[in-house]
Amino acid sequence: MKSKWALELKNVSYQYPDGHQALKEISFKVAPGERVGIIGPNGAGKTTLLLAICGLIEFKGEIKIFGELLTSSNSHYLRRKLGLLFQDPNDQLFMPRIYEDVAFGPKHLGWSEEEIQRKVKATLKKLGLEGFESRSGHHLSFGEKKRCALATVLVMEPEILLFDEPTSNLDPRARREFINILKQILGTQIIISHDLEMILRLTSRVITLDKGEKICEGETQEILSNPQLMESHGLEVPASLLLKSYIS
Amino acid sequence: MKHDFLDKYSYLDTPIHRLPAMLKLILVLVYILWLTSLKNGWVEYCLAGGGLLILILFSQVPLTYLFLRSLVIVPFLALILIFMAISQPEPGEFMLFVSLRAWLSVLALVWLISTTPFPELLKAMRKLRIPSIILTLLGFIYRYFFLLSDEGQRMFRSVKMRSFGKKKSQLEIKTYAQILGTLFLRSYERSERVYQAMLMRGFTEEGR
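A. Structural view of the overall build of chain B. If you tally the helices and strands in chain B, you get 9 helices and 0 strands. Order of helices (α) and strands (β) in chain B, N terminus to C terminus: α-α-α-α-α-α-α-α-α. Out of the 208 residues belonging to chain B, those deemed buried represent 38%. Intrachain contacts of chain B at a sequence separation of at least 6 include 74% that bridge at least 24 residues. For chain B, the exposed area adds up to about 13100 Å²; of that, 69% sits on carbon and sulfur atoms.

Printed below as a string of structure tokens:
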């Protein structure tokens with residue numbers, strides 16, 4: 001029977017080889033189709049948490065993806081359900097041309113050449129990247145790189161999308177365009193970001209981390225509009241919420 | 001940041017640039033093979049050099065650029081020549097022709113890279129059934145060469161900002177060693193992240 005949760009974390013902990021405890025007993029659940037934001041100051045363990053969810057680091061505790069327990073032996077299989085957008089698109093675009101980069105995942109999933117061509121073309125079109133097939137990653141602007149990196153993720157049609165700082169280093173226009181793209185993507189999403197305006201626009205629930213610990217979890221607007229909570233964990237109430245409270 | 005120094009002139013529009021990558025690759029491979037079988041004589045080497053010069057002129061890639069790029073062979077050649085000078089009874093002419101042969105081969109390769117975009121070259125190599133692991137590695141080198149060079153440039157710029165008028169040659173060897181060490185560490189960390197990105201897209205140790 002399929003689980004009613006897309007993602008379940010139970011007491012997930014991770015310690016770096018140098019002894020630094022990056023995650024301490026983190027537990028939460030995400031329902032299918034839900035968009036959850038994870039916020040916290042630098043060094044809170046947000047990226048480490050994403051790496052643990054993808055089975056890219058060895059952690060303590062339990063992570064279940066659609067009810068299946070993530071282990072080192074089934075991580076290759078379960079990763080097919082997950083799509084991770086890295087913070088730096090240069091880490092994600094490693095092939096000489098964009099077409100080869102977007103086709104890399106489908107090739108390793110064993111899709112037919114015809115299907116790969118069709119899906120790559122459709123994904124690039126969806127993200128406004130028509131004609132980028134033969135371009136090299138290093139000749140693109142940061143915003144274009146970011147969209148290409150997103151294409152490499154979306155082409156595999158993952159059931160859960162994980163975004164690590166999707167709007168960092170983008171100029172205002174590229175940021176706005178990227179947020180609009182994210183809004184149109186359906187499915188379960190976990191978004192890590194310091195861009196709290198974006199978190200407010202995109203997510204219905206947020207989890208706050210600090211120093212590897214889960215501080216609180218709740219409705220986005222409620223958490224983000226709490227100045228004491230925000231400031232005590234290196235964050236700030238988004239300007240739009242401040243303005244709203246000022247007007248009201 | 002500069003992003004074009006590896007295949008800087010490969011996107012020019014000349015009849016040579018428009019030739020299929022496969023044809024140019026085979027031409028250069030045959031040329032290098034022919035060079036290795038060439039007798040030590042001035043007429044033969046003038047023919048070999050002249051033929052290449054015609055191709056270079058037609059491709060409109062600046063001669064000085066190609067010449068400077070081809071000098072990359074000099075340190076390697078110098079090592080070989082030292083051994084030759086010790087082992088050969090009359091090394092003079094022999095060393096000269098070996099040097100010419102090596103230099104012309106490298107010049108032909110630099111010409112190939114300068115007239116063919118690197119991804120096209122990889123495609124042609126794939127058609128020649130060169131093992132995919134070698135092609136993947138070449139692709140990675142091409143892709144990350146730019147990033148590494150960017151990082152290096154940024155670090156040297158930062159050194160410049162804090163070296164207060166000292167020229168590069170006046171900086172201590174220790175500083176260069178530290179910069180290279182940091183660059184190596186950053187590359188290592190990036191390689192870890194790239195590997196994680198590959199794993200996320202279904203890559204396995206066996207590859208496909």
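B. The arrangement of the pairing of strand 2 (residues 21-30) of chain A in detail. Residue and element names in this part refer to chain A. In the sheet, strand 1 (residues 7-15) pairs with strand 2 via 6 bridges, with the strands oriented antiparallel. Bridge pairing in strand 2 links E8 to K29. Connecting strand 1 to the next strand, strand 2, in antiparallel fashion are 5 residues, including G19 with a positive phi near 100°.

C. Representation of the sheet that holds strand 5 (residues 68-69) of chain A in the model. All names here are of chain A. Pairing is antiparallel across the open sheet formed by 4 strands, whose spatial order is 2-1-4-5. Looking along the sheet, the strands with just one partner apiece sit at the ends: strand 2 and strand 5. One ladder, built from 2 bridges, connects strand 4 (residues 60-65) with strand 5; its direction is antiparallel. Across the sheet, K64 pairs through a bridge with L69, a residue of strand 5. On the sheet, helix 1 (residues 46-53) packs against strand 1, strand 2 and strand 4 and is oriented at approximately 60° with respect to strand 2.

D. View of the side chain of R143 of chain B. Relative to the assigned elements, R143 of chain B resides in helix 8 (residues 132-162). No salt bridge forms around the buried R143 of chain B; measuring N to O, its nearest opposite-charge neighbour D101 of chain A is 5.1 Å away. With near-sequence residues (within four places) excluded, R143 of chain B lies in contact with N90, L93, F94, M95, G137 and H138 of chain A.

E. Structural view of the interface of chain B and chain A. Counting residues at the interface gives 26 residues for chain B, matched by 30 residues for chain A. Buried surface at the junction of chain B and chain A, both sides included, amounts to about 2800 Å², of which 58% is carbon and sulfur. Run the count over chain B and chain A and you get 5 salt bridges. For R97 of chain A, the salt bridge identified is with E120 of chain B, shortest N-O distance 2.7 Å. Where chain B touches chain A, the interface holds 10 residue pairs in polar contact (both at pLDDT 80 or more). Elements with a minimum of two residues in the side of chain B that touches chain A: helix 7 (118-127), helix 8 and helix 9 (173-200) of chain B.

F. Summary view of unusual backbone geometry. All names here are of chain A. Positive phi values are uncommon outside glycine, yet N11 reaches one of about 50°. Looking at the element boundaries, N11 is found in strand 1. You will see that E25, though not glycine, has its phi angle at about 50°, which is positive. For E25, a relative accessible area of 51% translates into the label exposed.

G. Just the packing of aromatic side chains, in detail. For the structure shown, the criterion picks out 11 aromatic pairs over all chains. Relative to Y16 of chain A, the ring of Y14 of chain A has its centre 5.1 Å away and its plane inclined at 85°; by these criteria the two rings are edge-to-face. Relative to Y144 of chain B, the ring of F140 of chain B lies with its centre 6.4 Å away and its plane at 85°, an arrangement referred to as edge-to-face. Taken together, the positions of F140 of chain B and Y144 of chain B, both in helix 8 and 4 residues apart, correspond to about one turn of that helix. You can call Y144 of chain B buried: its relative accessible area is 14%. Through pairs of rings, three or more aromatic residues link up here, namely F94 and F104 of chain A together with F140, Y144 and F203 of chain B. For the cation-ring pair, K119 of chain A lies above W111 of chain A, with the distance from its terminal atom to the ring centre recorded as 4.7 Å. If you follow R135 of chain A out to its NZ or CZ, it ends over the ring of F132 of chain A, 4.7 Å from the centre.

Thresholds, definitions, all that
- Residues numbered from 1 in each chain as written.
- Chains lettered and ligands numbered in written order.
- Predicted model: local features only at pLDDT ≥ 70, side-chain atom pairs only at ≥ 80, totals over all residues.
- Heavy atoms only, no water.
- Helix = DSSP H or I, 4+ residues; strand = E, 2+ residues; numbered from the N terminus.
- Buried < 20%, exposed > 50% of the residue type's maximum accessible area, 1.4 Å probe, protein only.
- Contact = heavy atoms within 4.5 Å.
- Areas by Shrake-Rupley, 256 points an atom, 1.4 Å probe, with all protein chains shown as cover.
- Pairing = 2+ DSSP bridges.
- Axes fitted to C-alpha atoms, helices over the stretch in contact; angles between N-to-C directions.
- Lys, Arg positive; Asp, Glu negative; His and termini not counted.
- Salt bridge = Lys/Arg side-chain N within 4 Å of Asp/Glu carboxyl O.
- Buried area = accessible area lost by both parts, 1.4 Å probe.
- Polar contact = N/O pair within 3.5 Å; in protein donor to acceptor, adjacent residues only side chain to side chain.
- Phe/Tyr/Trp six-rings, centres within 6.5 Å; stacked < 30°, edge-to-face > 60°.
- Lys NZ or Arg CZ within 6 Å of the ring centre and 35° of its normal.

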